[in-house]
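Results of the structural survey
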Amino acid sequence: MTPTEVYAAILTSLYTTWATATEIAGLNRSHKAPRGPWIEPVIVMGDTFPGELGVDGVGLRTGVFQVNVNVLPDWGYKTAMEYAGRLETAFRRAEADGVIFDDPSTTVVGIVEGYYRVTVRINFHAWIGE
């Protein structure tokens, strides 16, 4: 899979899974934070590794799919963790058009730019040249 195909597979899965739960900040787009909960997806491409020798051999592309869950401070911990749990359940060991996700983890970040934030991180991999 190419980086473009990886992005498309992950974001399609997110938009399908998340549907109308909260607003989703688009990648590389201006975003005005609402007065309520919202999420921010971030895709960090990692290293690639050869999986087979030779010119026609497949490779393995790695990366991290990160989703920042933002809620108003007064909504706080419980709401943020409920959204994080929903994301973890949706992506745990899932497959999205050739992108394979590992087990997710959630980290409490705290107050960022007026919102209480937790971050869900899910390592992924995809085959190159298949």
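Right above here is the structure, for reference.
This text gives an overview of the structure that appears in the document. Note that the structure is a prediction, hence the values are computed from the model and not measured.

**Side note on the overall build of the protein**
- On a plain count of helices and strands, the protein comes out with 2 helices and 7 strands.
- Overall, the protein shows an N-to-C arrangement of helices and strands of α-β-β-β-α-β-β-β-β.
- Here the C-alpha coordinates of the protein stretch approximately 55 × 25 × 25 Å along the principal axes.
- A burial count over the protein gives 39% of its 130 residues as buried.
- Pairs at least 24 apart in sequence give 59% of the contacts found in the protein among residues at least 6 apart.
- When the accessible surface of the protein is summed, it comes to about 7,400 Å², and 51% of that surface belongs to carbon and sulfur atoms.
- Across the protein, the centroid of the 10 positively charged side chains sits 10 Å from that of the 15 negatively charged ones.

**Examining the packing of aromatic side chains**
- Under the definition given, this model contains 6 aromatic pairs.
- Taking the centre distance of 5.1 Å and the plane angle of 75 degrees together, the rings of phenylalanine 91 and phenylalanine 101 count as edge-to-face. Placement of the pair is phenylalanine 91 in helix H2 (residues 76-91) and phenylalanine 101 in strand E5 (residues 99-101), with a sequence separation of 10 residues.
- Residue class for phenylalanine 91 comes out buried when judged on its relative accessible area of 1%.
- Each residue in the set Phe65, Phe91, Phe101 and Phe124 is aromatic and connected to the rest through ring pairs, giving one cluster.
- Here arginine 86 stacks its cationic end above the ring of tryptophan 18, 4.8 Å away from the centre of that ring.

Parameters and conventions
Residues numbered from 1 in each chain as written. Predicted model: local features only at pLDDT ≥ 70, side-chain atom pairs only at ≥ 80, totals over all residues. Heavy atoms only, no water. Helix = DSSP H or I, 4+ residues; strand = E, 2+ residues; numbered from the N terminus. Buried < 20%, exposed > 50% of the residue type's maximum accessible area, 1.4 Å probe, protein only. Contact = heavy atoms within 4.5 Å. Areas by Shrake-Rupley, 256 points an atom, 1.4 Å probe, with all protein chains shown as cover. Lys, Arg positive; Asp, Glu negative; His and termini not counted. Charge placed at Lys NZ, Arg CZ, Asp CG, Glu CD. Phe/Tyr/Trp six-rings, centres within 6.5 Å; stacked < 30°, edge-to-face > 60°. Lys NZ or Arg CZ within 6 Å of the ring centre and 35° of its normal.

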